[in-house]
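As a plain string of letters, each chain reads:
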Amino acid sequence: MRIFTYLRRHRLFVIPFTLCLSGVLLLANGVTLSFPAIADSQRPAATVTRSPLSVTEDVRKTILENGLTILTKEVHTAPVVSVQVWYKVGSRNEAPGVNGIAHQLEHMLFKGTTTRPIQFGRLFSALGSESNAFTSFDQTAYFGTVERNKLKALLELEADRMQNALINDEQLASEKRVVISELQGYENSPTYRLDRAVRRAAFPNSPYGLPVGGTKADVEKFTAEKVRDYYNRFYSPDNATLIVVGDFDTAPTLKAVEEVFGKVPDRVKGTGVGNRESGVGTKRQGEQGGQGGVTNSSPASARLNSKPIVLKEPGAAATLQVVYPLPDANHPDVPALDAMDYILTEGRSSRLYQTLVESGLASAAGGGTANMMVGGWYELSATAAPGQQLDKIDTVQEQAIANLQTKGVTPEELNRAKAQLKATIILSNRDISSQATQLGYSQTTAGDYRYIDRYLAALDKVTVDDVKRVANTYLATEQRTVGKFEPTQIAASQPAGAGEAGTGQTAESFNLGSPVNPAEVAKFLPPVDVAATPKAQRLPEEFTLDNGLQVLLLPDSSTPTVTLSGYIKAGTEFDPNQSGGLASMSADNLMNGTKSQDALQLAKTLEDRGASLGFSANREGVEIAGYSLKTDLPVVIQTMADVVQNATFPDRELELSRQRALTQLKLDLDNPARVAQRKFQQTIYPANHPFHTFPTKESLQSINRQAVVEFYQTHYRPDQTILTLLGDFDPKAVRSLLTQQLAQWQGTGKPPTIAYPAVSLPAKIEQFNPIMPGKTQSVTILGYRGIDRKDPRYYTSLVLNQILGGDTLSSRLGTEIRDRQGLTYGIYSAFQAGRHAGPFAIRMQTDPADAQKAIASTRKLLQQIQTQGVKAEEVQTAKRSLTSSYTVSLASPDALASTILMNAVFGLGEAELRDFPQKIQAVTLDKVNLTAEELLQPDKLAIVTAGPGSATAQGK
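## Description of the overall build of the protein
A tally of regular secondary structure across the protein gives 32 helices and 23 strands. Carbon and sulfur atoms provide 49% of the accessible area of the protein, an area that totals close to 33900 Å².

This is the structure we're talking about:
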């Protein structure tokens with residue numbers, strides 16, 4: 001349940017955004033792949049001219065008598081099914097005074113129904129469903145993915161809450177607190193506050209100028225009657241689209257849908273509820289008719305010739321944001337606008353990256369189009385590099401746009417943009433959840449599920465003249481709205497431990513609610529079809545090159561794509577105490593040039609094909625992530641091989657990377673979640689432990705090229721590297737290519753090792769409160785050193801954690817702290833078990849005034865489970881949920897590739913991929929309760945709460 005302002009790069013090509021409520025979620029921008037590759041002259045002929053792409057050719061559309069639109073698509077690549085329900089209602093249907101009511105209602109639809117008065121998250125968890133929801137400008141969507149035998153059960157739950165939502169004063173009161181916590185969490189981010197101010201100014205007479213989640217002032221005024229009226233007005237079959245994608249048979253599924261949804265009444269037609277077109281609230285001055293009183297959001301309605309909006313507030317880095325009005329999603333200029341955007345902002349070879357980031361003016365720069373039902377906008381943003389001024393960045397950006405408007409673009413740039421856009425579409429439609437989401441967006445926003453195919457056909461016809469024309473039409477200086485965030489202070493300039501409250505225990509006088517009885521959940525769960533005999537999970541082919549490099553291959557021809565995942569034991573664990581950031585800087589600079597190609601050549605080699613390759617350092621290793629169409633896999637492998645063997649780390653690029661790292665450090669120290677994590681980790685691990693070290697300004701400034709080169713030469717070795725490839729390829733050809741490209745890569749001497757000192761638990765509770773002025777929400781992390789991946793209690797700990805806090809909506813922590821007390825938007829727990837013992841941690845986001853109560857409640861619940869144990873029914877429910885969700889997760893190519901890779905990293909053997917469910921099923925109640933006694937230590941916690949402190953807890 002989260003807000004989507006718009007699906008950032010790209011709102012068309014929806015990447016999976018199933019997000020666990022168990023996390024503390026901040027900004028609401030979506031996620032996309034950036035695909036860093038060969039000019040047309042070098043490209044095989046087959047990749048220059050392709051037959052028209054189609055994403056929807058196997059989709060079937062059905063409309064029931066009550067108006068419900070049904071889109072079905074059989075995809076038999078995995079035994080799972082995705083079910084989504086999209087309602088054509090969002091913040092577009094709101095006005096001041098009721099801003100955020102769509103988002104509030106979305107939350108309420110998880111609270112239960114009159115027929116099932118129980119938190120729906122518990123029902124979804126019992127089904128092992130990856131379920132959640134989001135609210136955006138034009139729509140609200142609910143989505144879940146389950147094993148195929150649970151399809152009808154999921155349909156019944158969605159039909160139930162379409163017509164029987166339980167919306168009363170008591171439930172609304174607690175959930176309003178949760179929504180306000182979510183909104184105030186967004187307020188912690190300066191970029192969120194800037195975006196809100198800029199869009200409000202750009203669209204003063206349109207709901208698109210309102211924040212999707214609403215405001216605290218409006219949310220506080222919502223009544224159950226008002227929310228029910230909104231529900232009755234918009235949650236009706238004729239205003240909804242049901243999407244089913246996955247492993248099912250169409251005819252019996254449509255029959256089941258007719259049985260389940262066919263009896264849901266059209267609530268508006270003939271019921272006296274009122275005309276849906278009238279929207280909610282009163283029209284603002286200048287509003288025209290249409291759904292929800294939405295005004296025309298065309299350029300003519302935008303704010304013209306205005307002065308920049310300047311926010312001078314606590315923060316870390318100066319930020320520029322520019323917004324231009326755009327037409328709606330069905331406008332014929334949209335494909336050309338997207339090509340223009342990619343030429344300006346996508347990838348290292350893009351014009352604004354070159355003029356702003358490569359010049360050292362900005363540490364980051366990007367953009368994206370957002371085309372909605374009745375208008376849209378184009379956004380450009382940049383974060384200033386240290387010592388750089390926003391006015392200069394704005395001037396250079398305007399010059400780059402003017403150059404495009406006067407001189408146009410080159411055929412090479414346009415071909416690259418088209419390749420990137422098409423690859424993005426294909427790569428973002430590899431798993432069934434993403435395919436369903438694409439259909440939902442197309443049907444609700446554009447009014448036609450085939451929209452993406454029409455888009456692709458139109459994109460093929462875009463010319464260089466079209467790009468120049470749309471740049472002149474839509475990027476006129478007088479049409480833009482400019483916003484600047486100028487930080488008044490560095491919010492976390494004090495040491496991370498400053499403001500600590502010392503040691504001791506919190507005390508609250510209250511009683512925990514009763515744990516939810518799984519039998520009560522089962523009573524409301526729809527019947528589940530008898531499961532078919534599961535198909536055995538295919539195991540990867542494994543081999544090792546002569547130089548020690550380990551490779552795992554799993555061919556899958558279901559889509560013409562390939563995922564490359566890799567791992568090199570060169571992570572931050574090897575950072576010397578005084579050189580925090582060395583491992584990350586080494587990984588970040590790998591793509592900055594080799595002996596045969598400079599950084600721009602490397603980027604173009606990949607971006608010309610819409611492929612990507614990246615390296616990032618984490619705690620125990622460097623992750624390699626590559627994506628491509630199957631025809632371009634050789635280029636990705638060749639580039640990866642060149643980089644790991646021949647990186648040159650040019651001085652200029654290294655210095656730019658240092659400046660970006662310094663900016664990121666400032667942003668991290670202005671982020672309560674990052675500050676809390678840093679202080680927590682440095683509390684539970686001693687100063688001589690590898691997990692204690694973090695980058696500082698001094699350490700980043702001290703890292704020179706020699707240190708980076710030595711780190712690279714020491715730690716980047718084939719015998720410390722594992723590669724996994726999953727997708728459409730010939731294993732023999734790939735093996736031959738890997739041998740050819742990597743056989744000469746050799747390590748010298750023995751691989752480096754590092755000592756991990758013993759870590760004891762705190763002797764008593766240690767509590768710290770880093771104070772961060774200007775924030776509205778606090779982030780709390782509490783825990784201690786946990787276990788490693790090979791600990792014999794690992795599988796039992798997963799079951800225990802699932803009961804404790806593995807799922808915000810169904811766990812004991814979520815039930816008590818979120819649902820009953822309404823103290824947090826999200827709370828979750830996890831054992832971070834790696835090659836070495838990572839933390840056991842519980843994380844939550846709260847109002848500062850509620851932090852101590854939430855901490856005390858959490859400790860009391862830990863004590864309850866440690867001393868009293870859990871019930872047998874809870875263990876069985878947790879095991880079913882874990883094994884079902886495991887099957888669902890492996891339907892995603894990225895998740896499957898990652899699972900194969902990490903099993904190899906942990907030395908578990910390839911059979912772990914198949915055996916994991918059986919190991920979970922072998923967990924017993926006695927084992928869980930014994931593990932709870934051993935691993936839950938409520939009196940030995942490190943507790944860190946980063947935020948404004950209770951004295952400044954007013955919020956917004």
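## Describing the confidence of the model for the protein
Summing up the model confidence of the protein, the mean pLDDT is 88 and the portion of residues at 70 or higher is 87%. Between residues 4–52, whose pLDDT stays under 50, and residues either more than four places distant or in other chains, the model counts 175 contacts. Across residues 270–274 the pLDDT falls below 50, and counting only partners more than four positions away or on other chains, this stretch makes 6 contacts in the model.

## Regarding the side chain of K484
Following the sequence through the fold, K484 ends up in strand β12 (residues 481–490). The exposure class assigned to K484 is buried, which follows from its relative accessible area of 8%. Residue contacts for K484: discarding those within four places in its chain leaves L194, P308, I309, V310, L311, T319, L320, L390 and D391.

## Details of the pattern of salt bridges
Enumeration over the complete set of coordinates arrives at 51 salt bridges. Across the pair R122 and D819 runs a salt bridge whose closest N-O atoms are separated by 3.7 Å. With R122 in helix α3 (residues 120–127) and D819 in helix α27 (residues 812–820), this residue pair connects regions lying 697 residues apart in the sequence. The residues R122 and D819 share a single accessibility class, namely buried. Close ionic contact of D448 with R450 constitutes a salt bridge, the shortest N to O distance being 3.1 Å. Among the residues examined, D448 registers a relative accessible area of 14% and is labelled buried. It is possible to trace a salt-bridge network through shared partners that takes in K111, R122, E175, R818 and D819.

## Quick notes on the sheet that holds strand β20 (residues 778–785)
Pairing is mixed across the open sheet formed by 5 strands, whose spatial order is β19-β23-β20-β22-β21. Each having just a single partner strand, β19 (766–768) and β21 (824–831) make up the two edges of the open sheet. Direction aside, the axes of adjacent strands within the sheet are offset by 10 degrees on average. Bridge count between β20 and strand β22 (residues 839–846): 8 bridges; the pairing is antiparallel. Pairing of T780 across the sheet is with M844, part of β22. Against the sheet, helix α26 (residues 794–804) makes contact with β21 and β22, and its axis sits at roughly 170 degrees relative to β21, the strand it touches most.

## Considerations on the packing of helix α13 (residues 411–427) against helix α15 (residues 451–460)
At a minimum axis distance of 11 Å, the contact between α13 and α15 shows a crossing angle of 165 degrees. In terms of axis orientation, α13 runs roughly antiparallel to α15. Along this stretch, α13 crosses α15, giving a crossing that reads as left-handed. For the pair α13 and α15, contact is made by K418, L421, K422 and I425 and by I452, Y455, L456, L459 and D460, respectively. Counted by class, the contact of α13 with α15 contains 6 nonpolar, no polar and 3 charged residues.

## Section: the sheet that holds strand β15 (residues 561–568)
Hydrogen bonds along the backbone pair up the strands of a sheet, which may run parallel or antiparallel. Overall, mixed pairing links the 6 strands, which are arranged β13-β14-β18-β15-β17-β16 in an open sheet. What marks the edges here is a single partner per strand, and that holds for β13 (541–544) and β16 (612–617). Looking at each pair of strands side by side, their axes are set apart by 15 degrees on average, direction ignored. The pairing of β15 with strand β18 (residues 721–727) spans 7 bridges and is antiparallel. Looking at the pairing, V562 lines up with G727 of β18.

## What to know about the packing of aromatic side chains
Applying the stated criterion across every chain yields a total of 24 aromatic pairs. When the ring of F134 is compared with that of F143, the centres are 6.3 Å apart and the planes differ by 45 degrees; the resulting orientation is tilted. Neither F134 nor F143 differs from the other in exposure class; each is buried. Taking 5.3 Å as the distance between ring centres and 80 degrees as the angle between the ring planes, the aromatic pair formed by Y794 and Y795 counts as edge-to-face. Among the residues examined, Y794 registers a relative accessible area of 12% and is labelled buried. Y795 sits in the buried class, given a relative accessible area of 14%. Within the aromatic cluster, the residues linked to one another by ring pairs are Y87, F110, F120, F124, Y142, Y231 and Y235.

## With respect to the nonpolar core
Within the largest apolar cluster, 65 residues are counted, with the highest numbers of intra-cluster contacts made by M340, L356, Y378, I393, Y455 and V467. No other element matches the 8 residues that helix α10 (residues 334–345) contributes to this core. The contact partners of I393, leaving out residues within four places of it in the chain, are L320, L356, L361, A362, A382 and A384. Membership of the second largest hydrophobic core comes to 59 residues, among which are L105, V146, F234 and F248.

## Things to note about a negative patch on the surface
Among the surface-exposed residues, E57, D58, E74 and D249 lie close enough to one another that they form a single negatively charged patch. Relative to the assigned elements, D249 resides in the loop between β7 (240–246) and α9 (250–261).

## So, unusual backbone geometry
Phi at F649 is positive, roughly 50 degrees, even though this residue is not glycine. Tracing the backbone through its elements, the reader meets F649 in the loop between α20 (633–646) and α21 (651–668). For F649, a relative accessible area of 1% translates into the label buried.

## Topic: helix α12 (residues 390–407)
If you check α12, its first and last C-alpha atoms are 25 Å apart, about what 18 residues at 1.5 Å a residue would give, namely 26 Å. Burial in α12 covers these residues: L390, I393, D394, V396, Q397, E398, A400, I401, L404 and Q405. Just downstream of α12, G408 is the residue with a positive phi angle, here 75 degrees.

## Points about the environment of V257
The residue V257 is located in helix α9 in this model. C-alpha separation for the pair V257 and I70, spaced 187 residues apart in sequence, amounts to 8.7 Å. Setting aside residues no more than four positions away along its own chain, V257 makes contact with L64, I70, L155, L242 and G262.

## Observations regarding the pairing of β16
Where β16 and strand β17 (residues 622–629) come together, 6 bridges link them in antiparallel fashion. Within β17, the residue paired with S612 across the bridge is Y627. The antiparallel pairing of β16 with β17 creates a hairpin that spans 4 residues between the two strands.

## Quick look at the packing of helix α29 (residues 872–889) against helix α31 (residues 912–921)
Where α29 contacts α31, the axes come no closer than 9 Å and their chain directions differ by 165 degrees. It follows that α29 is roughly antiparallel to α31 by the angle criterion. Considering how the two elements wind past one another, α29 and α31 form a crossing that is left-handed. Contact residues: α29 offers K879, L882, T883 and Y886, while α31 offers E912, L913, F916, P917, I920 and Q921. Across the contact of α29 with α31, the residue classes tally to 6 nonpolar, 2 polar and 2 charged.

## Considering α26
Buried residues dominate α26, accounting for 11 of its 11 residues. Within the span of α26, buried status applies to Y794, Y795, T796, S797, L798, V799, L800, N801, Q802, I803 and L804.

## Considering the environment of P265
Within the secondary structure, P265 is located in the loop between α9 and β8 (309–315). Overall, P265 belongs to the partly exposed group, its relative accessible area being 44%. Residues P265 and N66, spaced 199 residues apart in sequence, show a C-alpha to C-alpha distance of 6.4 Å. Sequence-distant contacts of P265, defined by excluding residues within four places in its chain, comprise Q163, S236 and P237.

Rules used in this analysis
- Residues numbered from 1 in each chain as written.
- Predicted model: local features only at pLDDT ≥ 70, side-chain atom pairs only at ≥ 80, totals over all residues.
- Heavy atoms only, no water.
- Helix = DSSP H or I, 4+ residues; strand = E, 2+ residues; numbered from the N terminus.
- Areas by Shrake-Rupley, 256 points an atom, 1.4 Å probe, with all protein chains shown as cover.
- pLDDT = per-residue confidence, 0-100.
- Contact = heavy atoms within 4.5 Å.
- Buried < 20%, exposed > 50% of the residue type's maximum accessible area, 1.4 Å probe, protein only.
- Salt bridge = Lys/Arg side-chain N within 4 Å of Asp/Glu carboxyl O.
- Pairing = 2+ DSSP bridges.
- Axes fitted to C-alpha atoms, helices over the stretch in contact; angles between N-to-C directions.
- Parallel < 35°, antiparallel > 145°, perpendicular 65-115°, else oblique.
- Left-handed = near helix turned anticlockwise from the far one by under 90°.
- Nonpolar A, V, L, I, M, F, W, Y, C, P; charged D, E, K, R; others polar.
- Phe/Tyr/Trp six-rings, centres within 6.5 Å; stacked < 30°, edge-to-face > 60°.
- Core = buried A, V, L, I, M, F, W, Y, C linked by side-chain atoms within 4.5 Å.
- Patch = residues over 30% accessible without salt bridge, like charges linked within 9 Å, V, L, I, M, F, W, Y side chains within 5 Å.
- Lys, Arg positive; Asp, Glu negative; His and termini not counted.
- Charge placed at Lys NZ, Arg CZ, Asp CG, Glu CD.
- Expected span 1.5 Å × (residues − 1).

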